[in-house]
Amino acid sequence: MRKIILTITSAILTILLVSIIYLSIYGIKTDNFNTFINNKVKDYNSNLTLNLDDVFIKLNLTRASLNINTENAILLADNSSLKILNIDINLNAFKFIKKENSIKNIKIETSENSIKNITSLLNSIDYDFSRFILYSQIKKGLIKFKLVTEFNFIEDKIDSFTISGNIKDAKFNLVGNSSLDNINFNFKTKDKLTKISNLNFRYKDLNLLSKNIEIINEQSGNYYINGDIENDKAMINPNIIFNFANIKQDFLSKVDIPLKSKNLFSFSLKKYKLKNLKIDSVINFDEVYFSNEFKNLIFLKEGTINSNYENNQFNADLVSNFAFSDNLKLNNDYRNNNLEINLKAKKNQNIKINGNIRNKKTFADPKIFLNLFELDPNLLSEGNVNIETDNKFTFEVQNSKLKNFLLNSTIDLDKLQFNKKIQDIFYLKNIKTKLTFGDKLLKLDLKSNYSLLDENNSESDDNIINLKLNKSDPKISNVEILLKGKNNKINTKKLKKYFNFQEDFVRGQNIKLDTNSLINFSIDDKLNIEKLAIRSDLNLDNLNINYKSNLIKKYLENYENKIVIKKPNILLDYSNDIINLKLDG
């Protein structure tokens, strides 16, 4: 009898052990848990139904748990569905037997599903109009994910959850007619933090990449989002950047720019409305062209823009080389030309710009700069000069129009010749100029060596001219010229046409002239000289004068109507077409 009992007991234990081993390794197929699983789904939301295939149960002795597994299930709500590749439910075995809350965790892995199906399913479960508007902008895409949920079966609530997966070939419509296309990324959400990695998408003709984006669920319906985004070098229309910041501009050409950028951004979503957008960018470009309205004389090369957008305000600092337009046919190395610009723009306000532009010596037609500042190019004669400039400027742009323009410049030229219709007395060289130019203001302070009546005079290094021009009236410019000169060789015939000497008063001769003179006049918008006044202290080596005098002949029988004055000093005062002369010699 004892032997029989031992045999039966051993057999039962063996069967139990084999069953436990089998349950632990292979599990068994059962439909007893189908109702259990569906009830849990219904407990979450009564609109949900889970279509199950085969359900398997495994035993984990080391953890005293039961593992329920099913594959190829379908979650349904109204006409929407979610295809599920695998479901694992881990139960506390003892609490399950006691019919208490026993779920320890749930792991769900989906098949690849349409994002539209997922959003439709979510709307069916818990409809929210704001979320519906957001979801409606998703036009296509595929999603696949894994969900791991940990439960507190004592309090019957979720302790934590993790969801990870990827999205492929999605499309999201933006306000207006634009969209984000070919969206691909990986994501991982743990509780209130979502991380997006390896994001790439296309905006218009621009391919964009992001290494990392974080989304923090601060409270229901409110999110804080920050991350990075960049693009490899591509041809980009500059208006894309300004349109994104909601800034109107017309000072850049519509020509596409080859550029690459790196950007850091952050913003908040409150009830699906964008708030507190902030963008920090570094943009590197090859070339940028200005629009024709802004005098397409130069274009930028090999530059960098550091920009910030925050609180509806856009600030940018640009550092670049620049080259002169090919149309100008200049011999110039753009690496010697530098431009620095600071731009500030705020919605519904003028764009404020200030900066500095400078270039090393460039062989150029100076009329280019007169055209740029809308001055009459006929002030100067034909011919190129070497020019070097350093210019500080500030202005505002309102509806594509310049406002409050102010320029302070230092301009150095090797030579400068005025239009002979204006004057051909002075030929300038080694010119250093300070210029202030504004909407209703023009001030010029020019210091230079000069030649008098002869541009080839080799003695001009001893001659100094200081010209000051002040234009506060749109039609009149006041000019003051201070002249100092030494040993200027002059033929008096050239001098006669500027003064009302009697035709034969001064004999034609070559003289050497030292001068210290102050000249004042006004010039109108038609280049007419008015109010000419000259005060001069002139010293000559000699002066021959034709002077008929019967009185002198009365006393000097050999007088031939000629007077030769050695080392004369002449004090000249000319105004209102009247000349006063005082001569010592």
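Residues numbered from 1 in each chain as written. Predicted model: local features only at pLDDT ≥ 70, side-chain atom pairs only at ≥ 80, totals over all residues. Heavy atoms only, no water.

Q: Got a minute to help me understand the overall build of the protein in this structure?
A: Along the protein, the regular secondary structure elements total 9 helices and 31 strands. Counting over 585 residues, the protein shows a buried share of 40%. Partitioning the contacts of the protein with sequence separation of at least 6, the portion at a separation of at least 24 is 49%. Summed over all atoms, the accessible surface of the protein reaches about 35,100 Å², with 51% contributed by carbon and sulfur. (Helix = DSSP H or I, 4+ residues; strand = E, 2+ residues; numbered from the N terminus. Buried < 20%, exposed > 50% of the residue type's maximum accessible area, 1.4 Å probe, protein only. Contact = heavy atoms within 4.5 Å. Areas by Shrake-Rupley, 256 points an atom, 1.4 Å probe, with all protein chains shown as cover.)

Q: I would appreciate a short explanation of the packing of helix H4 (residues 115-125) against helix H5 (residues 129-136) in the present structure.
A: Each packed pair of helices is defined by two parameters, the angle between the axes and the distance between the axes. Running from amino to carboxyl end, H4 crosses H5 at an angle of 170°, the nearest separation of the two axes being 10 Å. As the angle between them shows, H4 and H5 are arranged roughly antiparallel. When H4 is examined against H5, the residues Thr 119, Leu 122 and Asn 123 are found in contact with a partner set consisting of Arg 131, Phe 132 and Tyr 135. Considering only residue class, the contact of H4 with H5 consists of 3 nonpolar, 2 polar and 1 charged. (Axes fitted to C-alpha atoms, helices over the stretch in contact; angles between N-to-C directions. Parallel < 35°, antiparallel > 145°, perpendicular 65-115°, else oblique. Nonpolar A, V, L, I, M, F, W, Y, C, P; charged D, E, K, R; others polar.)

Q: I would appreciate a short explanation of unusual backbone geometry in the present structure.
A: One non-glycine residue, Asn 198, lies in the positive phi region at around 55°. Within the fold, Asn 198 resides in strand E11 (residues 193-203). Positive phi, close to 50°, is recorded for Asn 430, a residue that is not glycine. Residue placement: Asn 430 occurs in strand E22 (residues 426-438). Under the relative-accessibility criterion, Asn 430 is labelled partly exposed at 41%.

Q: Help me out: how do you make sense of the confidence of the model for the protein in this one?
A: Reading predicted coordinates in detail is not appropriate for stretches of low pLDDT. For the protein, mean pLDDT is 79; residues scoring 70 or higher make up 79% of the total. For the protein, the element scoring lowest by mean pLDDT is helix H1 (residues 2-25), at 51; strand E10 (residues 179-190) scores highest, at 93. (pLDDT = per-residue confidence, 0-100.)

Q: I tried to follow the side chain of Glu 230 on my own but got confused; where do I start?
A: Structurally, Glu 230 can be placed in strand E13 (residues 222-236). This buried residue, Glu 230, is left without a salt bridge; Lys 211 holds the nearest opposite charge, at 4.6 Å. If we skip the residues at most four places from it in the chain, Glu 230 touches Asn 207, Leu 208, Leu 209, Lys 211, Ser 261, Lys 262 and Asn 263. (Lys, Arg positive; Asp, Glu negative; His and termini not counted. Salt bridge = Lys/Arg side-chain N within 4 Å of Asp/Glu carboxyl O.)

Q: Help me understand the pattern of salt bridges in this model?
A: A side chain with one charge may pair with a side chain of the opposite charge, provided their charged atoms come close. Here the structure, examined in full by the defined rule, presents 7 salt bridges. One salt bridge connects Lys 233 with Asp 286, and the closest N-O pair in it is separated by 3.4 Å. In this pair, Lys 233 is assigned in strand E13 and Asp 286 in strand E15 (residues 273-289), connecting sequence segments 53 residues apart. Its relative accessible area of 29% is what places Asp 286 among the partly exposed residues. A salt bridge links Lys 301 to Glu 287; its shortest N-O distance comes to 3.1 Å. Of the two residues, Lys 301 sits in strand E16 (residues 298-310) while Glu 287 sits in strand E15, which places them 14 residues apart along the sequence.

Q: Just to check I follow, could you spell out the environment of Leu 407 for this structure?
A: Locating Leu 407 in the fold gives a position in strand E21 (residues 401-416). The spatial distance from the C-alpha of Leu 407 to the C-alpha of Phe 437 is 5.0 Å, given a sequence separation of 30 residues.

Q: I would appreciate a short explanation of the pairing of strand E28 (residues 542-546) in the present structure.
A: The two faces of the sheet receive side chains in turn, since in a regular strand these alternate between them. E28 sits mainly inside the fold: 4 of its 5 residues count as buried. Here 5 bridges tie E28 to strand E29 (residues 562-566), and the two strands are oriented antiparallel to one another. By the bridge assignment, Leu 543 is partnered in E29 with Ile 565. (Pairing = 2+ DSSP bridges.)

Q: Honestly, the environment of Asn 308 in this entry has me stumped. Any pointers?
A: Assignment of secondary structure puts Asn 308 in strand E16. Sequence separation between Asn 308 and Val 282 is 26 residues; the distance between their C-alpha atoms is 9.2 Å. With sequence-adjacent residues up to four places away left out, Asn 308 is seen in contact with Lys 278, Ile 279, Asp 280, Gln 313, Phe 314 and Asn 315. For Asn 308, the side chain forms a polar contact with the side chain of Asp 280, separated by 2.7 Å. (Polar contact = N/O pair within 3.5 Å; in protein donor to acceptor, adjacent residues only side chain to side chain.)

Q: Before we go on, may I ask you to explain the pairing of strand E4 (residues 65-77) in this structure?
A: Pairing geometry for strand E2 (residues 49-51) and E4, over 3 bridges, is antiparallel. The partner of Asn 51 across the bridge, within E4, is Ile 74. Judged from the 12 bridges that link them, E4 and strand E5 (residues 80-92) form a sheet pairing that is antiparallel. Within E5, the position partnered with Ile 74 by the bridge is Lys 83.

Q: Explain the packing of aromatic side chains here, please?
A: The relation between two aromatic rings is expressed through the spacing of the ring centres and the mutual angle of the planes. Inspection of the entire model under this criterion finds 5 aromatic pairs. When the centroid spacing of 6.2 Å and the interplanar angle of 20° are considered together, the rings of Phe 265 and Phe 267 count as stacked. Grouping residues by exposure puts Phe 265 and Phe 267 together as buried. Note on Phe 395 and Phe 405: the rings are 6.1 Å apart at their centroids and 35° apart in plane angle, and the pair reads as tilted. With Phe 395 in strand E20 (residues 385-398) and Phe 405 in strand E21, this residue pair connects regions lying 10 residues apart in the sequence. Note on Phe 405: relative accessible area 17%, which makes it buried. (Phe/Tyr/Trp six-rings, centres within 6.5 Å; stacked < 30°, edge-to-face > 60°.)

Q: Is there a simple way to think about the environment of Asn 546 in this case?
A: Secondary-structure assignment places Asn 546 in strand E28. C-alpha separation for the pair Asn 546 and Lys 562, spaced 16 residues apart in sequence, amounts to 4.7 Å.

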